[in-house]
Each structure stands twice: as structure tokens, then as C-alpha cells.
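Residue-level structure breakdown
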Amino acid sequence: MSVLVLVLAVSAACCLGFGFVLQQNAARQAPLSDFLSPRLLLDLMKVPRWLGGIGLMVAGMALGAIALSQGEISLVEPLLATNLVFALALSRKQSKQPLGRQGWAGLLLLAGGVTTFIVAGEPRGGTPVTDPLRPWLIIGVMIGLALLLTAYAKRSRLSSGPVLLALAAGLLYGVQDALTRVSGQRFSEGGLVELLTGWQPYAVLVLGVTGLILVQSAFETAPLRMSLPALTAAQPLAGIICGVGFLGDRLRTDTGALAWEAAGLAAIVGGIVLLGMHPAMPCTQTERARDPQPAEVRA
């Protein structure tokens with residue numbers, strides 16, 4: 001594994017984790033009438049803390065894009081999942097909550113899972129598939145699942161809605177990462193003209209904005225520990241599926257390697273859940289009723 005890819009991916013995870021916490025701190029003050037509406041972004045743009053969180057997220061995405069241009073998506077995505085570690089670090093500083101057994105167990109599972117998956121799978125580059133239908137099939141399934149989850153989330157709203165929205169956003173972000181890598185390859189091969197004449201960069205933009213609305217709606221209606229684990233777990237899984245499915249990424253496929261890869265992914269998800277549900281994670285306005293803060297976003 002390239003040290004450069006490691007540094008870029010972990011730096012991206014740091015920016016993303018910090019950015020998610022700042023965004024949720026602001027989004028929890030937004031009016032519920034903005035749920036799943038582009039107006040939510042317009043209201044949040046008035047909040048300096050949210051803008052700071054978005055700035056960190058954009059920086060994280062940029063660093064992640066550079067990492068994806070230098071390494072396989074099956075390698076970068078598990079490293080990006082460590083953003084939850086940095087989110088918890090900032091949340092602990094805000095809440096003064098101790099890490100405790102749950103926090104340490106989550107950290108060990110996440111770190112061990114990432115290490116196990118990378119060592120067992122040995123992600124490496126290959127030749128992208130030539131079948132033009134396979135990318136569209138995989139992308140279509142991911143987007144279709146995201147739409148289905150969003151439809152159910154709109155009906156359930158304040159119960160399971162935030163988790164479903166976060167899962168949907170994670171799927172879209174995983175596809176976005178895959179198309180970001182394709183866009184980088186087009187730019188490397190033919191420069192700006194080659195990049196802008198393809199559909200991929202425009203799809204990256206649409207997926208990014210759509211995912212942002214879903215994420216902010218989840219942050220608005222539930223504590224971070226409900227939404228962030230689902231988002232952080234879905235994104236790398238979707239990205240790995242895209243990487244192996246049509247970008248040409250290769251993983252070891254012997255029986256022992258597959259078993260360790262599955263164990264690594266299971267440990268990653270388990271660590272994400274434990275860290276994401278840690279009491280230090282920011283909560284909503286209702287949960288903070290005993291320690292109210294002035295609303296920063298008005299309808």
C-alpha cells in the first residue's frame with residue numbers, strides 16, 4: 001500500500017469526520033418543514049458552523065478524489081470509513097464523555113477490520129470491464145435502492161427515516177466515489193476537454209448534491225449516532241462493489257482470503273455501529289432540552 005494513498009485517505013477521513021459533526025450541530029436546529037427539501041440547504045447556508053462543516057467535507061472529498069486517483073477504490077474506501085473515529089474525537093471534546101469500553105471496542109473493531117480486509121484482499125488495479133451494460137446495471141441498482149430507501153424514509157420520517165436516508169446517501173456517495181475515479185482517469189488521459197465531454201463529472205455533481213440533501217435531512221431529524229453509522233457503513237460497501245464490479249479492482253478470491261475479507265468487512269461494520277452509537281455523539285434538539293441552545297436557523 002502506497003504511503004501517499006494512506007496519508008491522503010486518512011486525511012480525507014479526518015476532514016469528513018469533523019465536517020459531519022459540525023453539519024449535524026447546525027442541521028439539528030433547522031425547521032422540520034425543510035425535510036427532504038432543497039430549501040434545507042438554503043436555510044443552512046446562513047449558519048457559519050454548517051458552512052465550516054461543508055468546507056471540511058469538500059476538502060475531504062478533494063483529498064479522497066486524489067487518493068482514488070492514486071489507489072484502488074477497494075483500498076481507499078475502507079480507509080475513508082475511519083472518518084467515524086475523527087467524528088467521535090470531536091464529539092467527545094464537545095460532550096466531555098469518556099471513551100469507555102464501547103468506544104475502545106469500536107476503535108479496535110474498525111481498525112482491525114480495515115487492516116484485515118486490506119491485508120487479506122490485497123486490493124490491486126486491473127482492467128476495467130469492457131461490457132458497457134455492467135456499469136449501468138450496478139449503478140442503476142445502487143441508485144434504485146437509494147430511491148426506494150428514500151421513499152420509505154419519507155413515509156416513516158421520524159422513526160426509521162434518518163437511518164434509511166443515511167443508507168441511501170451512503171449508496172449514492174459510494175457510486176460518486178467510483179465515478180470520481182473514472183473522471184480522474186479521463187482527466188489524466190485527455191485533460192480538461194476529455195473530462196468535460198464525459199457524463200461522469202456531471203453525475204458526480206448531481207449525486208453529491210442529492211446525497212447532501214439526504215444527509216442533512218437525516219441530521220436534522222435524529223442524533224448523529226442514528227444516521228452516521230449507516231452512512232459510513234453503506235459508502236465503502238457500495239464503493240467496493242463498484243470497484244470490483246466494473247472498475248477492474250481485484251481482490252484475492254481463494255477461500256481463506258474471502259473468509260478473512262468477509263470477517264474484515266463485518267468487523268468494520270461492527271466498529272462503525274459501536275462508535276456511531278457512542279453517547280458522545282451529538283444529539284437532536286429534543287434530547288438536548290435540558291441544555292437548550294438558541295436556534296441558529298429560522299424557517
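Residues numbered from 1 in each chain as written. Predicted model: local features only at pLDDT ≥ 70, side-chain atom pairs only at ≥ 80, totals over all residues. Heavy atoms only, no water.

A closer look at the packing of aromatic side chains
All told, the structure shown has three aromatic pairs when counted by the stated rule. Aromatic pair F20 and F219: ring centres 6.2 Å apart, planes at 75 degrees, arrangement edge-to-face. On the criterion of sequence distance, the pair formed by F20 in helix α1 (residues 3-27) and F219 in helix α9 (residues 200-221) is long-range, its members being 199 residues apart. Each member of the pair F20 and F219 is classed as buried. The interplanar angle of 25 degrees and the centroid separation of 4.8 Å between the aromatic rings of W136 and W199 together place this pair among those described as stacked. Taken as a pair, W136 in helix α7 (residues 133-156) and W199 in the loop between α8 (161-196) and α9 lie far apart in primary sequence, 63 residues in all. (Phe/Tyr/Trp six-rings, centres within 6.5 Å; stacked < 30°, edge-to-face > 60°. Helix = DSSP H or I, 4+ residues; strand = E, 2+ residues; numbered from the N terminus. Buried < 20%, exposed > 50% of the residue type's maximum accessible area, 1.4 Å probe, protein only.)

Quick notes on the pattern of salt bridges
A complete count under the given rule lists five salt bridges for this structure. Where D249 meets R181, a salt bridge forms, and the shortest distance between an N and an O atom there is 2.6 Å. In this pair, D249 is assigned in the loop between α10 (224-247) and α11 (255-276) and R181 in helix α8, connecting sequence segments 68 residues apart. Look at the salt bridges and you will find they share partners, linking E122, R252 and D254 into a network. (Salt bridge = Lys/Arg side-chain N within 4 Å of Asp/Glu carboxyl O.)

Brief notes about the packing of α1 against helix α3 (residues 48-70)
Contact pair α1 / α3: the axes reach a minimum separation of 7 Å and the direction vectors enclose 160 degrees. Put simply, α1 runs roughly antiparallel to α3. Of the two possible hands of crossing, α1 and α3 adopt the one that is left-handed. (Axes fitted to C-alpha atoms, helices over the stretch in contact; angles between N-to-C directions. Parallel < 35°, antiparallel > 145°, perpendicular 65-115°, else oblique. Left-handed = near helix turned anticlockwise from the far one by under 90°.)

Re α9
The first and last C-alpha atoms of α9 sit 32 Å apart over 22 residues, in line with the 32 Å expected at 1.5 Å per residue. A large share of α9 lies buried, amounting to 16 of its 22 residues. (Expected span 1.5 Å × (residues − 1).)

Section: the layout of surface pockets
Taken as a whole, the largest pocket spans an internal volume of roughly 410 Å³. Contributing to the lining of the largest pocket are 22 residues, with V58, M61, Q176, V204 and G208 lying nearest its centre. When contributions to the lining of the largest pocket are tallied by element, the ones reaching two or more residues are α1, α3, α8 and α9. Among the elements that make up the lining of the largest pocket, the one with the highest residue count is α3 (nine residues). Classifying every residue of the lining of the largest pocket gives 15 nonpolar, six polar and one charged. Lining the second largest pocket we find 16 residues, and of these P135, V182, Q200, F246 and L247 sit closest to its centre. For the lining of the second largest pocket, the secondary structure elements donating two or more residues are α7, α8 and α10. Here the residues of the lining of the second largest pocket are counted per class, giving eleven nonpolar, two polar and three charged. (1 Å grid on protein atoms, 1.4 Å probe; cavity = no way out; pocket = protein on both sides within 12 Å on 5 of 7 lines; lining within 4 Å. Points joined across faces, edges and corners; volume = space filled by probe spheres on them. Nonpolar A, V, L, I, M, F, W, Y, C, P; charged D, E, K, R; others polar.)

Notes on the side chain of E77
Following the sequence through the fold, E77 ends up in helix α4 (residues 73-80). Look at E77: it is buried, it has no salt bridge, and the nearest opposite charge is R181 at 9.3 Å. (Lys, Arg positive; Asp, Glu negative; His and termini not counted.)

By themselves, these are just geometric observations and shouldn't be taken as functional.
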